[in-house]
Amino acid sequence: MSRFDFRRLNARHPYLLALLLLALALAVNYLLQPNLFQSRVLNSNMRTFLPLMILAAGQTIVIITGGIDLSVGAIVSLAAAVLVTNLSPDAAAGQIALIVLAAAGVGMAAGALNGFCVAFLRLQPIVTTYATSFIFSGLALWILPRPGGSMPQQLARTYRSAAPLGLPLGIYIAILLIIGWTFLRSTRFGTYLVAVGGRPDAAYASGVPVTWVRFASYVLAGLLAAFSALALTLLTSSGDPRMGDAMTLDSIVAVVLGGTRLSGGQGGVAGSIIGVAILGLIRNIISFANVPTWWQTLVDALIIITALAAPGLVRLLRSRRQA
Amino acid sequence: AAPVAPSEEAGSDTAETSEEAGDAASGPFTIGVSNNFVGSEWRTQMIQDLEEVNAEFMDQGLTNELVIENADTDAQGQIQQIQNLMNRGVDAIIINPGDVNALNPTLEEATAEGIIVIAVDQEICAEGVYNVVIDQKEWAKTSAQWVAEAMGGQGDLVLIEGFVGHPANEARMAGVDEVLADYPDITVVGRDTGGWDQATGQQVASDFLASLPNIDAIWTQDGMAEGVLRAVQTANPDEWPVVSGEARAGYLQLWNEVLTERPDFTTVGVVNPPGVGASGLRVAIEMLQGGQVDEAQLAGSCGNSLYVPVPYVVTSDNFAEYYAEVEDKPASYVNDGFITQEDAAAFMQ
Amino acid sequence: MSISLTARHIVKRFSGVVALAEGDLTVDGGEVVALLGANGSGKSTLAKIITGVLAPDEGRLEVDGQAVTFSSPQGAIRRGITAVYQELSLIPDMTVTENIWLNHEPMRWSVRVDRTQARRRTEELLALFQGAVSPALMPETPVAALPPDEKQIVEILKALSREPLLMILDEATASLDARQVSRLFKLMDAWKADGMALVFVSHRMEEIFRVADRAVVLRNGRTVGERAMSDVTERDLVTLMVGDEPSAAAVAQPDAAQPVDPSARPRLQIDRLRSGRVHDVSLAVHDGELVGLGGLRGQGQDDLLLAVFGALPFTGKMALAGEEVKFNHPRQAVKRDVAYVPGERGSQGLLLIRSILENFQLPSWVRYGTPLKMGQARQDAAQMGASLRLVMASLDAPVSSLSGGNAQKVVLGKWLLREPRLLLLNDPTKGVDVGAKAEIYQLLEDLRRAGTAILFYSSEDEELLNLCDRVLVMQDGRITAELSGVSLQKENLVAASMGAVEQAGDQGGSSS
Amino acid sequence: MKKVQLSPPLLALLLAIALFLLGGVLAPGFVNVEQAINIVRLSAFLGIIAAGQTLVILSGGEGIDLSIGAIVTLSAILVFRIVDGQNGMVLPALAVALLTGFLFGAINGLGITALGIPPLVMTLGMAGVVQGSILVLTQGQLVGKAAPIMSTLISRPLVLGIPGVIFIWLALGAVMWLLLERTAYGKHLFAVGVNRTASRLSGVRVPRTVLITYALSGLLSAFGGFMLLGFTQNVFLSLGERWLFPSVAAVVVGGTILAGGKGSYWGTMAGALVLTLISSLLTAVQLPEAARQIILGVTLLVLLSVYGRQRALRE
Ligand SMILES: Nc1ncnc2c1ncn2[C@@H]1O[C@H](COP(=O)(O)OP(=O)(O)OP(=O)(O)O)[C@@H](O)[C@H]1O
Ligand SMILES: Nc1ncnc2c1ncn2[C@@H]1O[C@H](COP(=O)(O)OP(=O)(O)OP(=O)(O)O)[C@@H](O)[C@H]1O
Ligand SMILES: [Mg+2]
Ligand SMILES: [Mg+2]
């Protein structure tokens, strides 16, 4: 009976553990940095976490359908290149909208290439997206050979410091992402995502358009990567042909920290957003705990591994107790 | 062990604290360091130099222990580093920026709060930020000029650069292009990236040596130079191409090794001193104590750079002297140098 | 509304292997057609072609007289054709409701899934099997948490939820117990009366005679005959199925029970064992004795066998030949000459993409030294293959290229190579065709004569009655009856199992 | 009755030869003995580093080892430091490096088997831990020196102008074949890669096999780091990083299935040759960096579609 209930609880609240970790990280961070919850500090944190949050949301969708996307970082670089080479600091609203749409289109096109290779050509996702990441990086380098470019100043200022009702803009966007996911999950397509990730053959036999669902998941990830690029370029007011590269692996770690199963079929975007926050808070903690320079990388990695191990440790302890 | 108690530093009203620090010329000041890349000994030495110089200031009661943010990270992560330093209420930030533009808005927020920001190693254009750097372009021109002359102004040249798109690399390549413009008889027959990585440099050079016959010279930079020279040594063509080098202990040791077999071997090593970080710290201290930067000495594309001199260039003429200094040093040791406090004061009005 | 479907000359090849050479099948609304054939004769393949899961290489499908091509299962579903798939089409992490309504969820404002309505309608469907399933089977239970029989029932309800005109039930009874089977048959009678067309695939003759109006027989991918059930005997059908090969249908009758020396130490002695669904079991099996485990499906038989094999932790005492043992990994059992033939051949018994040789030798590699003496290993495997009369291309062919019966022989053979003293069998003839079944019976008989102790669970009463010296009937994790000698009669066996049902019914299936 | 089917390793090998000849067409001077030796030598390092990756991928369960790069670096740094220019210290240093790699690999294995952490993130986290340990150990200062004998035996021409690393690689190939095809461990590894339940129920100790596999991967990476040091003679903190993803690509291009249970080290060796050839070829044909990256990506995609395809949903 108890094993049964645990399973159910897990299925119902896949974010439970992630939430606990988040609370712990917040508490520790607050102890070390009492000004953490000041609007200014909260804002500076949120605006730096947000690009990865958006990216991890896309990664989550792909992972839920049983895939993985190692090219999301390169898509960020590519979309960022498109944005910063076409936008001037004083661009008009119409132009901004047009270029943002264009960047979104580029992101989706990149996702479509991934989706085509994985879903229609049935290539293995890990190596396929590793291969396409070269294509996207190459294109980014082509469009923006060296760091530079610019973003509309007004918009960048808004992104950096707007705080409606005293809460940072980033929190609203994160909540918007979660609402968007909740809605998506309540549609038929949302069910498809989970079904395809759970057992593609069974989903296919049930009439689910498996190939298209897979394809769509990569396109969505590409789109979200483009939005991530928008957030990132607004944060930095500039572009760099390899600015997204390092985000890929972080996005995967965040997804797993957030309770999404790496093999697909279970999980959600809210968890990944929590996962990104946890990763960011860990860095703050290390900084404010005055960890000696040469220990910082190790401590960071050890905390992350411990967090990743948490579900396993809980399971191990439970089975010990039961035995 | 760190004397910077978080309760003091990260207290309630950080903004005010730093504003105060802005005008007050008394210590002790808290200096933050932001370094985005730990995968290089060069950066290690930079940090060590910083600590060494800061120890002097601590003895004088001028500063507290450095607050060092040191991790391999991207622009986003370095922004977080800067923000954390700001949130701790440091008085000055010494930063080795990983991106020429991306950090600017955040650094401008810092300077607006009255925090003194000194960028080292890499020039950036953020408002209120001062760069303390060597002139990367000049640095590259020195060795490029040497290579061009060693080639007798003609022949086939191969260029192995760092990361395409990386600002330091771009500045250096601009310098190389400038030099080559004066030598119309030099043909660039190959150009590839070695990612500032010795092994990659070695592989790329091996490929060139095998696929392009009769290369007359290879120009490269930094850690890749050792890889290139090893590739030449391994391939051992009948006539060795001219190669540019660097001034790290490992390279000088290899240079010495090659000399025992080929006494006529010659190359060049231009020092890129990790001490710029410490130089930056000295400038920051001057500014914290109320010094105003002398506008007349500012240079660079945005007019906010203070160029520190390249300490020296190793050539065949002075090789013996510099080799003796590093003979027993670890391979990654860089012949170093940073400015004195008097030099820093000289930058002020 | 009613449907008429005809499949003509369907051909299907899998990378050179012909699964269907000429499949023909006609079924009309209001009738039940049994699709019969030995393992690998192409029944499932034909079913999947009809539902659009597989694309036929040749041949045509006609619905109501018109030729149709389904480019995906969606196409078939639109024409009212659904199936209960042999390997099930359920997504483990989704709930019962989500699974049943997958892809035809009731919608609200045509964008969002109407969960309330879906739940209500799921409850209506579950009510059809009320009393035959445990009360823990709720609309929001994740399918992964269900036992096999309840998964099977969810699969049936899922097909039904489409309100199909034609439903194919591919071995839908294989993991159901008697009560669940009879409930299903009642439902099928009702659906038939409503005009639904039903195709019923099963290896159990009595079921076929119970529900079918007509039988279509496949042999080696070819439809070889069609009979009305009213004028055909079991023997006729078996002859059709196996062709001119000598009939192997008859179950080998053991000689009168071998005298077991009761004074000898039993090969296996269990005392008050508890583990998983096993609540309290004591038993003994002697050398040369074939002991059957009976009872309804899911009464703890699986877990008992797994616990003895060291694959499940247990409490209580266990002794092998008088020596107390406490296995915590199957490997330890293997070293003590215990072998276990699992019920799920594909997922638990075989490495499908690896070679027959490697499957045979998997438990035995360590005996071939380092580096492995491959010549010897190959020779031993070839001998075993020959003695099992294994039909294969070569020892290096992947096991996935074998038919069901031959694959099961590989599972048995890999243990026989280790010459076990105690053999544990979990429904070894599940989904195995008549011919292969007979060979397996003969094998067990030979082993028993050679002095192997055998503990044997079967879901088919006939097997227990004809093969075993003794049958222990399990109910709710306990042994509730022991039948042997004269008491080993079908009526007693059924009564012992059914008696248990009556009791369990009141308690509401506390077995889970 | 069957079509003539080329095994993936053979296919990759043929492809490598074709690429080499193509190099001769595209860049005159590319095809010569020296260049051939050069390419095989470079492939050898990738091939050796990808040996552990091969085992891990074969073990299935979404097995992948992303800590390989960091362990390569750590091992090279350890050897560099311990050897300190003395030939006599090479063997002890190698032993220490191998043991360290084995231990870190074993921790990977423990996290994956005992705690159920997905291999991808476990090994990614471990890469951070190893990198962090390197920083703590060295405090950023890389003291030491490679021994002369290492370059003699590894990177310099040894016999007939062929460097030692190629012979070592071939020997490793033979050892890996023995390990995979002629030991109980190898057979168990394939079994575990295909079906863990069936393996367990056949008496295979699955967690132990998986654990050993990751530990071996650590050990082989450490060996790769040792070899690499023989090539570069010098260490730096990102020495191994750039070999990480190519090691996965080499395994896949060599026809080993990412899902596990099927493949060979011969395939990985051929895959390493193919990858090295592609990158050398792209160096030889002078194109802008952007174009080269794009071509590399497209080429990888084409290679994958030749034999990296998964089963269709509908047949
Ligand atoms: N996906 C596949 N790939 C290769 N061969 C297959 C595949 N599916 C079925 N086969 C082969 O086709 C033949 C017919 O298989 P099928 O599953 O239709 O038989 P069946 O009559 O349903 O058998 P059973 O009674 O065991 O369920 C068998 O030889 C089988 O091995
Ligand atoms: N039946 C088996 N299935 C799988 N692996 C086995 C089996 N028996 C032994 N092994 C493995 O083969 C190797 C040698 O087998 P052997 O039977 O000699 O083990 P052992 O020396 O008894 O082991 P231990 O020392 O742990 O008792 C061991 O590493 C073991 O893991
Ligand atoms: Mg079937
Ligand atoms: Mg022993």
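One structure accompanies this document, and this report is about it.

About the cut-offs
Residues numbered from 1 in each chain as written. Chains lettered and ligands numbered in written order. Predicted model: local features only at pLDDT ≥ 70, side-chain atom pairs only at ≥ 80, totals over all residues. Heavy atoms only, no water. Donors = N, O, S within 2.8 Å, 3.2 Å for Na, K, Ca; no water. Helix = DSSP H or I, 4+ residues; strand = E, 2+ residues; numbered from the N terminus. Buried < 20%, exposed > 50% of the residue type's maximum accessible area, 1.4 Å probe, protein only. Near = heavy atom within 4 Å. Polar contact = N/O pair within 3.5 Å; in protein donor to acceptor, adjacent residues only side chain to side chain. Contact = heavy atoms within 4.5 Å. Buried area = accessible area lost by both parts, 1.4 Å probe. Salt bridge = Lys/Arg side-chain N within 4 Å of Asp/Glu carboxyl O. Nonpolar A, V, L, I, M, F, W, Y, C, P; charged D, E, K, R; others polar. Disulfide = S-S within 2.5 Å. Phe/Tyr/Trp six-rings, centres within 6.5 Å; stacked < 30°, edge-to-face > 60°. Lys NZ or Arg CZ within 6 Å of the ring centre and 35° of its normal. Pairing = 2+ DSSP bridges. Axes fitted to C-alpha atoms, helices over the stretch in contact; angles between N-to-C directions. Parallel < 35°, antiparallel > 145°, perpendicular 65-115°, else oblique. Left-handed = near helix turned anticlockwise from the far one by under 90°.

### Looking at the coordination of the magnesium ion (ligand 3)
All names here are of chain C.
- At this site the magnesium ion (ligand 3) is bound by Ser44 (OG) and Gln86 (OE1), with donor distances of 1.9 to 2.0 Å. Of this pair, Ser44 sits in helix 1 (residues 43–50) while Gln86 sits in the loop between strand 6 (81–84) and helix 3 (96–100); the two residues are 42 residues apart in sequence, bridging distant segments of the chain.
- Judged by relative accessible area, Gln86 falls into the partly exposed class, the value being 36%.

### Some details on the site of ligand 2
- With respect to spatial proximity, the complete set of residues near ligand 2 consists of Arg331(C), Val334(C), Lys335(C), Pro363(C), Val366(C), His188(D), Gly203(D), Val204(D), Arg205(D) and Arg208(D).
- In this structure ligand 2 sits where residues from chains C and D come together.
- Within the side chain of Lys335(C), an N or O atom sits 2.6 Å from an oxygen atom of ligand 2.
- Take Gly203(D): an N or O atom from its main chain is 2.9 Å from a nitrogen atom of ligand 2.

### A few points about the interface of chain C and chain A
- Contacts between the two partners involve 35 residues from chain C, matched on the other side by 25 residues from chain A.
- Both sides of the chain C and chain A interface together cover about 2400 Å² of buried area, and 55% of this is carbon and sulfur.
- Considering only the side of chain C, the residues that lose the most area to chain A are Ile91(C), Asp93(C) and Asn103(C), jointly responsible for 20% of the buried surface there.
- Seen at the junction of chain C and chain A, the total is three salt bridges.
- Along the contact surface separating chain C from chain A lie 13 residue pairs in polar contact (both at pLDDT 80 or more).
- Counting residues per element, the ones that place at least two in the side of chain C that touches chain A are helix 2 (73–78) and strand 8 (112–113) of chain C.
- Considering every element that reaches the side of chain C that touches chain A, the biggest residue donor is helix 2 of chain C, with three residues.
- Looking at the side of chain C that touches chain A residue by residue, the class counts come to 18 nonpolar, eight polar and nine charged.

### Quick look at the state of the cysteines
All names here are of chain B.
- Applying the stated criterion across every chain, the model contains one disulfide over all chains.
- Between the sulfur atoms of Cys125 and its disulfide mate Cys302 the distance is 1.7 Å. For the disulfide bridge between Cys125 and Cys302, the dihedral angle about the S-S bond is near 65°, and by the sign convention the bridge is right-handed. Here the residue Cys125 occupies a position in the loop between strand 4 (116–120) and strand 5 (130–133), and Cys302 occupies one in the loop between helix 11 (276–288) and strand 11 (305–307), the gap between them amounting to 177 residues.

### Some points on the packing of aromatic side chains
- Applying the stated criterion across every chain yields a total of 17 aromatic pairs over all chains.
- Taken together, a centroid distance of 5.1 Å and an interplanar angle of 80° make the contact between Phe120(A) and Trp212(A) edge-to-face. You can see Phe120(A) sitting in helix 5 (residues 93–120) and its partner Trp212(A) sitting in helix 11 (residues 210–236), a full 92 residues away along the chain.
- Judged by relative accessible area, which is 32%, Phe120(A) ranks as partly exposed.
- Among the aromatic side chains, those forming a connected cluster through ring pairs are Phe116(A), Phe120(A), Trp212(A) and Phe215(A).
- Across from the ring centre of Trp139(B), 4.1 Å away, lies the NZ or CZ of Arg172(B), which sits over that ring.
- Looking at Arg242(D), its charged tip hangs above the ring of Trp243(D), at a distance of 4.6 Å from the centre.

### Side note on the side chain of Gln299(C)
Residues and elements named next belong to chain C.
- Along the polypeptide, Gln299 turns up in the loop between strand 15 (290–294) and helix 9 (301–308).
- Classification of Gln299 by relative accessible area gives buried; the value is 11%.
- In terms of polar contacts, Gln299 uses its side chain to reach the backbone amide nitrogen of Asp476, at 2.7 Å.
- Ignoring sequence-local partners within four residues, the contact set of Gln299 consists of Arg277, Met474, Gln475, Asp476 and Gly477.

### Topic: the sheet that holds strand 1 (residues 31–35) of chain B
Residues and elements named next belong to chain B.
- Judged by pairing direction, the sheet is parallel, and its six strands sit side by side in the order 2-1-3-4-5-11 without closing on themselves. A strand with exactly one partner marks an edge of an open sheet, and here the two such strands are strand 2 (67–70) and strand 11. With direction set aside, neighbouring strand axes in the sheet form an average angle of 20°.
- Taken together, the three bridges between strand 4 and strand 5 define a ladder with parallel strand orientation. The residue of strand 5 that forms the bridge with Ile118 is Tyr130.
- The strands that helix 11 touches are strand 1, strand 3 (92–96), strand 4, strand 5 and strand 11; relative to strand 4, the one it contacts most, it runs at about 160°.

### Some remarks on the arrangement of the chains
- Take the five pairs of chains in contact: the one carrying the most contacts is chains A and D.
- The least C-alpha distance between chain B and chain C, which are not in contact, is 36 Å.

### Describing the interface of chain A and chain D
- On the side of chain D, 46 residues touch chain A, which itself brings 47 residues to the contact.
- The junction of chain A with chain D conceals about 4100 Å² of combined surface from both sides, 78% of it contributed by carbon and sulfur atoms.
- Summed over the three residues of chain A that lose the most area to chain D, namely Arg122(A), Gln124(A) and Trp294(A), the buried surface amounts to 19% of that side.
- Run the count over chain A and chain D and you get zero residue pairs in polar contact (both at pLDDT 80 or more).
- Breaking the side of chain A that touches chain D down by element, the ones donating at least two residues are helix 5, helix 6 (125–143), helix 10 (200–205), helix 11, helix 12 (247–257) and helix 14 (296–322) of chain A.
- Of all the elements, helix 6 of chain A adds the most residues to the side of chain A that touches chain D, at 14 residues.
- Looking at the side of chain A that touches chain D residue by residue, the class counts come to 34 nonpolar, nine polar and four charged.

### What about the sheet that holds strand 9 (residues 242–243) of chain B?
Residue and element names in this part refer to chain B.
- Strand order in the open sheet made by the four strands is 7-6-8-9, with parallel pairing throughout. Either end of the sheet is taken by a strand with one partner, and the two such strands are strand 7 (186–193) and strand 9.
- Where strand 8 (residues 217–219) meets strand 9, two bridges bridge the pair, whose relative direction is parallel. Bridge pairing links Ala217 to Val242 in strand 9.
- Here helix 6 (residues 136–150) sits on the sheet in contact with strand 6 (155–161), strand 7, strand 8 and strand 9, set at roughly 180° to strand 8.
- This element, helix 8 (residues 198–211), spans strand 6 and strand 7 of the sheet and lies at about 135° to strand 7.

### Quick word on the packing of helix 6 of chain B against helix 7 (residues 167–181) of chain B
All names here are of chain B.
- Running from amino to carboxyl end, helix 6 crosses helix 7 at an angle of 40°, the nearest separation of the two axes being 7 Å. Classified by the angle their axes make, helix 6 and helix 7 are oblique. By crossing handedness, the relation of helix 6 to helix 7 is classed as right-handed. Contact residues: Gln136, Lys137, Trp139, Ala140, Lys141, Ala144, Gln145 and Ala148 in helix 6; Ala168, Ala171, Arg172, Ala174, Gly175, Val176, Glu178 and Val179 in helix 7.
- By residue class, the composition of the contact of helix 6 with helix 7 is nine nonpolar, three polar and four charged.

### Some thoughts on the pattern of salt bridges
- Applying the stated criterion to the full structure yields 46 salt bridges over all chains.
- Put simply, Asp201(A) and Arg199(A) hold a salt bridge, and the shortest N to O gap is 3.3 Å.
- Take Asp201(A): its relative accessible area is 43%, and that puts it in the partly exposed class.
- Notably, a salt bridge pairs Arg378(C) with Asp396(C), separated by 2.8 Å at the nearest N-O pair. Highlighted residues: Arg378(C) in helix 13 (residues 374–387) and Asp396(C) in the loop between helix 13 and helix 14 (404–416), separated in sequence by 18 residues.

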